[in-house]
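Examination of the molecular architecture
What follows is each chain in one-letter form.
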Amino acid sequence: MIYMIPQTILIVGGGTAGWMSANLLKKSWPTVKITLVESDSIGTIGVGEGSTPFLKQFFKRIGASEREWMPQCFATYKAGIEFSRWSEKPGFTHYFHPFFSQLDIKPAEPFFHNAKLQRQGIEADAHPDAYFVNAQMAKQCKAPLAKRRLNFDLDYGYHFDAGRLGLWLKDRAIADGVEHIIDDVTQVEVRDSGEIAAVIGAKSGRMAAELYVDCSGFKGLLIQQALSVPFKSYKQNLFNDAAVAIQTPLADEQDIPTRTLSTALTNGWAWEIPLTNRVGNGYVYSSEHISGEQAEVELRRHLGLADDTDISAKHLKMKVGRVEQHWAKNCLAVGLSQGFIEPLEATALMLVQFTLEKFVTAKQSLQQESLVRDNYNADINKMMEGIRDYIVTHYALNSRTDSDYWRRCREDIEVSDNLQALFQAWKSHEQFESELNKQASHLVYLRPSWYVIMAGMGNFPMDLLTPSQGQVAPVNLSKQYCIDLVEDLFPSHKAVLSQLAAG
Ligand SMILES: Cc1cc2nc3c(=O)[nH]c(=O)nc-3n(C[C@H](O)[C@H](O)[C@H](O)COP(=O)(O)OP(=O)(O)OC[C@H]3O[C@@H](n4cnc5c(N)ncnc54)[C@H](O)[C@@H]3O)c2cc1C
């Protein structure tokens, strides 16, 4: 079983993806020699500060407790994402996409019932927020750590300072025995067979390994440039290709929300990510519809910083899409080099994890390597397409009327056949559940997420009939259940973070 595992690995790039790779691969194969080479003149992307619940498993896997890493990275807990002003439909201008847990089973069932009624044109209480524990968690600024022991895991994510997380991961990997080289890779030697023979560093010269991990960022130095693996753009599905980021201070007395806030602006959306020492903000936009300069002005206005020129902004370009093969020959692409969807649901690091964990499993397979590799690439592509479709849904269902951008997102965006089938099924009353089941092997987001987005955006018929008595499930019971549960079971977010920082 051991024979397919490479004995030497060279990782190119020391961003979050590079150091996550170093940690996970070292934990998985402790005797393998792992070297990471990174440039000190080419910076990391320096954003990417929100996660999905998968990241919890990453820290577990590398044996790091929250006490060890969170305070060092100014990290906070995340119960989900609040979407604001994506829809103009009355009653649906805000909704919360929660991470789900077993605590939701009881209060959420009436939501599914009511959403189904309202899809059928019968007025019901079908806005999702009242029915999910984590929506209430965020509202009350509570930490998702139960005061009493539960016999199941609660799903939650994190917010963190990307630069600090990179440094923390780097120290950890080096302590575990990963070799670290600072150098610029200037050339990649490729054999006639198409395999990478070595990378050439400006100072270190020739560096060879059995496996090369490309974590060089959007340019994909190894996978795209040296191996010429084709890149499939998602430009027709997702118009945003740029971002501007601004950090703002956190007021001393401010409660720290347990959520990312995503607010639709005129030509994209703004994120707000609360950390323990500051707030990360940014505007993700389409450069076809607004210039970087205008986007910065709009973001500053949105943040109330119009006259504050002391606070600087960072402008970024995004290449949206994916490589055709993430594992090609003796090269594995991880992070931005393998592709990027867009940060709306903060899924990029989840993809990094998935790419690495699946690779470790695949490398231990006894099947023929070419077959294993084809299946592996198909799986990662399926995952990326699954995430893309969920993100496309936010744009396709928007009802904003303030710009050509939002009209085009509604009318011109390319929607995959799978997604089209889900939209149709939602409208055709009975078939939504069966369509979800039919697509189960392709969906990255599960049933509750699909209900939440479809209902949360107000995707219901315009003219609604009055329900008959007893037809609608009472919303107040669920709402009160969530309020009481959160008040009783969960501690203040700020207090928990202070305790973690105190050690
Ligand atoms: C606007 C925006 C918001 C985002 N928000 C989120 C989010 O909320 N959640 C999330 O999970 N993800 C998010 N992401 C994605 C996230 O930032 C990245 O997935 C993550 O930071 C990993 O980046 P990386 O390590 O692949 O690349 P980078 O950070 O770009 O690192 C590339 C590394 O390669 C090195 N390098 C490049 N060329 C050479 C060379 N020739 N020689 C040697 N070294 C070289 C660089 O020095 C650097 O160390 C966001 C991205 C953007 C653009």
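Everything that follows concerns the structure shown earlier in this document.
Now for a look at the structure at hand. Not measured: the values here are computed from a predicted model.

1. Observations concerning the overall build of the protein
Helix and strand counts for the protein come out as 16 helices and 21 strands. Against the 2.2 N^0.38 benchmark of 23 Å for 503 residues, the protein shows a C-alpha radius of gyration of 23 Å, consistent with a compact globule. Dimensions of the protein, computed from the C-alpha atoms along their principal axes, are close to 75 × 50 × 50 Å. The buried share among the 503 residues of the protein stands at 58%. Across the protein, every contact between residues at least 6 apart in sequence was considered, and the portion connecting residues at least 24 apart equals 76%. With an accessible surface of roughly 21100 Å², the protein has 51% of that area assigned to carbon and sulfur atoms.

2. Some remarks on the nonpolar core
Core analysis: the largest hydrophobic core is formed by 76 residues, its most contacted members being Trp86, Phe111, Tyr395, Phe432, Trp450 and Met454. Here this core takes eight residues from helix α10 (residues 369-396), the largest share from any one element. The contacts of Phe432, once residues within four sequence positions are left out, are Arg119, Leu422, Ala425, Trp426, Trp450, Tyr451 and Met454.

3. Here's the deal with the pattern of salt bridges
Per the stated rule, a full pass over the model turns up 28 salt bridges. The partner of Asp488 in a salt bridge is Arg148, and the shortest N-O contact between them spans 3.4 Å. Here Asp488 is found in helix α15 (residues 475-489), whereas its partner Arg148 is found in the loop between α5 (133-139) and β6 (157-159), with 340 residues between them in sequence. Across the salt bridge formed by Glu435 and Lys438, the nearest N and O atoms sit 3.6 Å from each other. Separated by three residues within a single helix, Glu435 and Lys438 lie in helix α13 (residues 432-438), roughly one turn from each other. Residue Lys438 is classed as exposed on the basis of its relative accessible area of 65%.

4. Points about the packing of aromatic side chains
For the structure shown, the criterion picks out 35 aromatic pairs. On the numbers, 4.8 Å between centres and 85° between planes, the contact of Trp69 with Tyr158 is edge-to-face. Placement of the pair is Trp69 in helix α3 (residues 66-69) and Tyr158 in strand β6, with a sequence separation of 89 residues. The pair formed by Trp69 and Tyr158 is uniform in burial state, with each residue classed as buried. A centroid spacing of 6.5 Å and a plane angle of 65° characterise the contact between Trp69 and Phe160, whose relative ring orientation is edge-to-face. Within this pair, whereas Trp69 is found in helix α3, its partner Phe160 is found in the loop between β6 and α6 (162-175), the two being separated by 91 residues in sequence. Per residue, the accessibility class of Trp69 equals that of Phe160, and both read buried. Taken together through their ring pairs, the aromatic side chains of Phe92, Phe100, Phe111, Phe112, Tyr131, Phe132, Trp426, Phe432, Tyr451 and Phe460 make up a single cluster. Between the NZ or CZ atom of Arg119 and the centre of the ring of Trp426, over which it lies, the distance is 4.8 Å. Of note, Arg447 hangs over the ring of Phe112, and the distance from its end group to the ring centre comes to 4.1 Å.

Reading guide: rules and limits
Residues numbered from 1 in each chain as written. Predicted model: local features only at pLDDT ≥ 70, side-chain atom pairs only at ≥ 80, totals over all residues. Heavy atoms only, no water. Helix = DSSP H or I, 4+ residues; strand = E, 2+ residues; numbered from the N terminus. Rg over C-alpha atoms; globule rule 2.2 N^0.38 Å. Buried < 20%, exposed > 50% of the residue type's maximum accessible area, 1.4 Å probe, protein only. Contact = heavy atoms within 4.5 Å. Areas by Shrake-Rupley, 256 points an atom, 1.4 Å probe, with all protein chains shown as cover. Core = buried A, V, L, I, M, F, W, Y, C linked by side-chain atoms within 4.5 Å. Salt bridge = Lys/Arg side-chain N within 4 Å of Asp/Glu carboxyl O. Phe/Tyr/Trp six-rings, centres within 6.5 Å; stacked < 30°, edge-to-face > 60°. Lys NZ or Arg CZ within 6 Å of the ring centre and 35° of its normal.

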